[in-house]
Amino acid sequence: MSDIKNTTPQGRLDKEPIASASSRYKTLSRSALWAELRALFALGLPMGLTQLIQFSINTVDVLMIGRIGAPELGAASLGMVFFYAVYLIGVGPAMAITPMVSQALGANAEDTRDARRSVRMGLWVLGFCFPPVLLVLFSASPLMRLLGQPEELVKLAGPYVLALAPGWPFMLGVVVLRNFLAAIDRTRAPLYIIMITTVFNAFLNWVLIYGALGAPRLELVGAGIASSLSHMLGFFLLAAYIAHEQRAKAFNLFERFYVPDWPRLREIARLGWPISITFAFEVMLFNAAVLIMGRIGVNEVAAYQVALNVAALAFMTPMGLSMAGATRVGLHQGAGNHANVRLAAIATLIICVGMILLFAIPISIAPHWVAVLYLDQSDPANETVIRLVAGFLPIAGAFMTFDAIQVAANQCLRGLKDVQRPMLLTGISYWALGFPTAYWLGLHTSLGANGVWVGLLVGLAAAAISLGSRLWRLTQIDVRLDPAST
């Protein structure tokens, strides 16, 4: 009979005492694995849907900007490169909240003070980061020119970046508050709030991009303003929910918010910077691919943006599920339940890979159909871009499985507060292997733009193998399936 403590679908934990080395060797029952899968799915599905819908704010922007024309679409892609480059400065501290809060609550579910310290100082870190972020965003246009981007795109992308800037702290503040709510098993409210902000963003896009209801036609700048206002709305709605929901308000997150906690702030910064760099290694690989595409041609940039948006959209649900996996791993680690740490990691990998295949298979089978969702097929000017997108998507579909594995492994390692070695592994995978391959194949072989995508595939495959191997080693226990359990 298995001695692994099961978890409930609602996310509650049965603790086991802090284990000695011998107690780490368990018999893994299928019922225990199914229980963890159910618990992870119950926590992770709302988080995955929230991540998907939140990302759809950008997808709505791309769809609506694409109706203006290919140059505007290319400029939006270039602008997002710079905006998300500085987004990475704050994403590490925001994501560090997950293991800190979940491990604290796993050790003691009533320890509201420790969780409150982490959330408050996480928001403080974002506040300290915002001024230097603004300086970078105000320098976007000169930096684009320095990198040799077409002036046609720079003139459109620079103002778009400035319109996105005010939303930066609120976008990341939403991540902090969402991660806190996930740790206390409150994931549905963020889903509903993100639905509201997405509809709000689409409405503002219609008004400000196209000049509806008598508003001025602002095109790309209008899309940026709409996104910033939507992120602000999302943050304040989440804050209002936390202040009034029975379980969440017990933490008093915003009471005496102005009081600093320097030791905890330093801890968040220490844990957060490797996470930021890890994200930067991956995201900047995809952004660097935009710059390579810019060397090839404007149509290639526009097509890359569409294909990347499709791949990123498919990635969002596994991303949200992997964040739930990090929460589950952190809760079990805080409770000292080593066997269930392993279970949570296995369950996260299974669910993330299964979910990405639901997107990757149809995208690979019908790439042309996906392309014409973004671009008007009746416009002859879009013919080349549609053809390029249809060529990119099967390659993107192929690397999605590796993408799901690497994000699941990376997030579970974060749940263990293991952040420095994964940072090194991702750096090697993406920049010693992926980027050189993309650069050489894209600019020095007949593969051209398709070669850039092959390079991305190489980087993701290397990350999936290295991070998956590390997670397997760190959670290693003597796993024996109990044939009597079902």
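The present account deals with the structure reproduced in this document. Since this is a predicted model, take the numbers as computed values, not measurements.

## Considerations on empty space enclosed by the protein
Per the stated rule, a full pass over the model turns up 5 cavities of 30 Å³ or more. Computed from the structure, the largest cavity encloses a volume of approximately 910 Å³. Listing elements by their share of the lining of the largest cavity, those giving two or more residues are α1 (30-66), α2 (70-107), α6 (168-183), α10 (262-296), α11 (298-335) and α14 (383-415). Here the lining of the largest cavity is composed, by residue class, of 24 nonpolar, 12 polar and 4 charged.

## Regarding α2
Along its 38 residues, α2 runs 53 Å from first to last C-alpha, staying within 8% of the 56 Å computed at 1.5 Å per residue. Largest kink in α2: about 40°, centred on Gly-90, with the proline Pro-93 one to four residues after it. Within α2, 34 of the 38 residues are buried, which leaves the element mostly enclosed by the surrounding structure.

## Digging into the packing of helix α13 (residues 367-374) against α14
The contact between α13 and α14 brings their axes to 8 Å, and the two run at 130°. Taken as axis vectors, α13 and α14 run oblique relative to one another. As α13 runs across α14, the sense of the crossing is right-handed. Side by side, α13 and α14 meet where Pro-367, His-368, Val-370, Ala-371 and Val-372 of the first sit next to Ile-386, Val-389, Ala-390, Leu-393 and Pro-394 of the second.

## A few points about the side chain of Gln-411
Residue placement: Gln-411 occurs in helix α14. Residues in contact with Gln-411, not counting those within four places in the same chain, are Met-95, Phe-279, Met-319, Ser-322, Met-323 and Ala-326.

## Points about the side chain of Ser-118
With respect to the helices and strands, Ser-118 occurs in helix α3 (residues 112-138). Setting aside anything within four residues of it in sequence, one finds Ser-118 in contact with Ile-97, Met-100, Val-101, Arg-264 and Ile-268.

Cut-offs applied
- Residues numbered from 1 in each chain as written.
- Predicted model: local features only at pLDDT ≥ 70, side-chain atom pairs only at ≥ 80, totals over all residues.
- Heavy atoms only, no water.
- 1 Å grid on protein atoms, 1.4 Å probe; cavity = no way out; pocket = protein on both sides within 12 Å on 5 of 7 lines; lining within 4 Å.
- Points joined across faces, edges and corners; volume = space filled by probe spheres on them.
- Helix = DSSP H or I, 4+ residues; strand = E, 2+ residues; numbered from the N terminus.
- Nonpolar A, V, L, I, M, F, W, Y, C, P; charged D, E, K, R; others polar.
- Expected span 1.5 Å × (residues − 1).
- Bend = angle between axes of the 7 residues up to and from the residue.
- Buried < 20%, exposed > 50% of the residue type's maximum accessible area, 1.4 Å probe, protein only.
- Axes fitted to C-alpha atoms, helices over the stretch in contact; angles between N-to-C directions.
- Parallel < 35°, antiparallel > 145°, perpendicular 65-115°, else oblique.
- Left-handed = near helix turned anticlockwise from the far one by under 90°.
- Contact = heavy atoms within 4.5 Å.

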